[in-house]
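# Summary of the model geometry
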Amino acid sequence: MGNDKRLFNEITTSTMKTISVLEDFSEFPALRHCNISDESGEKFYHNVLNKAFKEAYEKNEKLTVNLDATAGYASSFLDEGFGNLVYDFTLDIVKSKIEIISEQEPHWKEMILNQTYPQWEARRKSKQQPKVTANHEAWFRLINNELKLEIWERPAAV
Amino acid sequence: MKKLYTTPEYKANQKRRFLKIEKKFRKERLAELRAKRKGKPKTKEKHNHQALKIKLPVIAPSDLRLIENTKKCLEFFRNLRSEEFRSKSGKIEFVIVSLKEVTQIDYGTISILTAIGDDLKFKGVILRSFLPDHPQCKEYMIESGYLNNLYDDNGKPFPKAPKSELMFFEKGCGRLSDEESRKISLLIKKIVGHLTGVEKYCQPLRTIILEICGNSIEWSGTDNKQWLLGVKYRDDRVIFTVTDVGKGILKSLYRRLTTRFFEAFKSNDEILKGAFDKKYGSTTKEENRNKGLPAVKANFNQGTINNLKVLTNNVILHFDEDTLSKEFEKGTPRFKGTFYQWEMTNDCLTKLLPAQ
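Positions within a chain are numbered from 1, following the residues in the order the chain's sequence is written. Here chains are named by letter from A upward and ligands by number from 1 upward, in the order in which they appear as written. Local features in a predicted model are, by the rule used here, given only for residues with pLDDT of at least 70; side-chain atom pairs are given and counted only at 80 or more, and totals for whole chains, interfaces and linings are based on all residues.

All right, on to the environment of Gly303 of chain B then. Residues and elements named next belong to chain B. Helix numbering and strand numbering both begin at the N terminus, where a helix is a DSSP run of H or I of at least 4 residues and a strand a DSSP run of E of at least 2. Residue placement: Gly303 occurs in the loop between helix H10 (292-301) and strand S11 (306-313). On the neighbour-count criterion, Gly303 (13 C-beta atoms within 10 Å) is partly exposed. Distance in space between the C-alpha atoms of Gly303 and Leu352 is 8.9 Å, their sequence separation being 49 residues. By the criterion used throughout, residues are in contact when their C-beta atoms, derived from the backbone, lie within 7 Å. Apart from residues lying up to four places away in sequence, Gly303 is in contact with Cys348 and Lys351. Field definition: a residue is buried when 20 or more other C-beta atoms are found within 10 Å of its C-beta, exposed when 12 or fewer are, and partly exposed for counts in between, with C-beta atoms placed from the backbone.

Below is the structure:
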């Protein structure tokens, strides 16, 4: 019985990629957009989360995102980071492929699952494009079950 | 023989002359444009560089405590920012402030005065100040570091006060830089150290500060996206203030005409309370937004922050004592901007930290 459990854990961990905001992005995550803060949710999505999720999706793996051990979050950082993911990959796929760890502040996981996900899915369905406030490299979006790499949005001219 | 007007000296002289005339013309054109933008008629004053226009000083009321004497303080702030009181000496614009009669002052007022001073400085206007005669008030103002940005009645900067251990301001403008973000986190460590004796991060406290400062940066509409975080240490508690001198929350809400229409029969304090209850959508009409103010109220409801007060436009909300919340009557000066004040004690921290 114990061996089976160990084997199961080994299989699941071998098919699970993990990223951490602290190690892969910043100890001091800030606000929503790049035009109002350096280490923004928008930057986290474009520099880290989109690529990591695309890799997990292609390999049919689960992606674990660890939110713990940073200095603390603003709700807008997490909303922008995880919301963009729903917009680009659809709610069902994101829900089935991502695992969020937030042991220090469990309410963030609740907020992402219960507010950010459905609100951004509604946004995706109504084709209300995400706001982009800096120039980003091309990023992945799932169109008709096919991954496409493009610059989908550019910052609005001021 | 070479003709005079083809010699290099002649050509150089002509070029110099042409550049001089062009420079003069450009200067005059620029001055005209500036005058036009300000809506002032073109005058011949531009040639009178010694023009000295001294206006009356803005006189502070004796009770300059924001929470206890809000209306008088608002009147004083309005006059400070009014162009009516701006004096001019040559190209220098300044406002003369008399704090001589002040006998009582609080940290909220110091925070707003600092924010107004920074905003005026950004616009090229300096504050020349007469200090309070009252020795304790004078000392309090010096200790707060407020004078570091001020000029005396002769137009000379006040000597810089040593950094206070008990009062502290963290300022920012434009984007929230990584460095500012780090400074806020280090400040939080110190605050936790003051309240518990052990310096460490407190993620929920950083969340509260980021939500409020983030609102100021994104929505205040100040020219330079300015925000000011104030921290005052007392024996068993820490007082926080966040100030911006932008449009104010209600004015931002009114940009959405539908809000005004549907809420036409409600008082402004009810509408502002609604914004903290996430009753209205975001001004950007994005469904996923507007989580900041409700998060601040949720913290107050959980007892993780105490004595929360919010002053914006013509409303003051006392979350700790709702009967004092009100919309000021017509004729009372409005506060152009948003001011938050709250307190934290060791009890608040124990409510915030046990889950960690």
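This is not the end of the story, as more comes after the structure.
Between chain B and chain A, the contact holds 24 residues from the first and 24 residues from the second. Mapped onto the side of chain B that touches chain A, the elements with two or more residues apiece are helix H5 (178-196), helix H6 (203-219) and H10 of chain B. Broken down by element, the residue count for the side of chain B that touches chain A peaks at nine residues, all from H6 of chain B. A per-class count over the side of chain B that touches chain A returns six nonpolar, nine polar and nine charged. Classification convention: Asp, Glu, Lys, Arg as charged; Ala, Val, Leu, Ile, Met, Phe, Trp, Tyr, Cys, Pro as nonpolar; all other residues, Gly among them, as polar.

Glancing now at H10 of chain B. Residues and elements named next belong to chain B. Regarding H10, the residues found buried are Gly292, Leu293, Ala295, Val296 and Asn299. Around the axis of H10, the buried residues are gathered within 160° of arc, so they sit on the same side. Looking one or two residues past H10, Gly303 carries a phi angle of roughly 80°, positive in sign. Throughout, the arc means that of the directions going from the helix axis to the C-beta atoms.

A few words on the packing of H6 of chain B against H10 of chain B. Residues and elements named next belong to chain B. For helices, the fitted line uses only the C-alpha atoms of the stretch in contact; every axis is such a line through C-alpha atoms, and the angle between N-to-C directions lies from 0 to 180 degrees. Running from N to C, H6 and H10 cross one another at 145°; their axes reach a closest spacing of 9 Å. In the crossing of H6 with H10, the sense of the turn from one axis to the other is left-handed. Contact residues: H6 offers Thr207, Ile208, Glu211, Ile212, Gly214 and Asn215, while H10 offers Gly292, Ala295, Val296 and Asn299. Within the contact of H6 with H10, the residues separate by chemical class into four nonpolar, five polar and one charged. By definition, turning the near helix anticlockwise from the far helix through less than a right angle yields a left-handed crossing, and turning it clockwise yields a right-handed one.

A separate point is the confidence of the model for chain A. Residues and elements named next belong to chain A. Averaged over all residues, the pLDDT of chain A equals 90, while 89% of them reach at least 70. Here helix H1 (residues 2-14) stands out as the least confident element of chain A, with mean pLDDT 49; helix H2 (residues 21-24) is the most confident, with 98. Scored below 50 in pLDDT, residues 7-13 shows zero contacts in the model against residues more than four places distant or in partner chains. In predicted models, pLDDT denotes the confidence assigned by the predictor to each residue on a 0 to 100 scale.

Here the focus is the sheet that holds strand S1 (residues 16-20) of chain A. All names here are of chain A. In spatial order, the strands read S1-S2-S3; together these three strands make up an open sheet with parallel pairing. In this open sheet, the two edge strands, each paired with only one partner strand, are S1 and strand S3 (98-101). Between one strand and the next, the sheet's axes are offset by a mean angle of 20°, whatever the strand orientation. Paired strands, as defined in this entry, are two strands with at least two bridges between them according to DSSP.

Another aspect to go through is unusual backbone geometry. Residue and element names in this part refer to chain A. Its identity as a non-glycine residue notwithstanding, Lys127 has a phi of 55°, on the positive side. Mapped onto the fold, Lys127 is located in the loop between helix H6 (106-125) and strand S4 (139-143). Here the phi dihedral of Asn145 falls at roughly 60°; this positive angle occurs in a residue that is not glycine. When you line up the elements, Asn145 lands in the loop between S4 and strand S5 (146-150). Looking at Asn145, the number of C-beta atoms within 10 Å reads 7, which means it is exposed.

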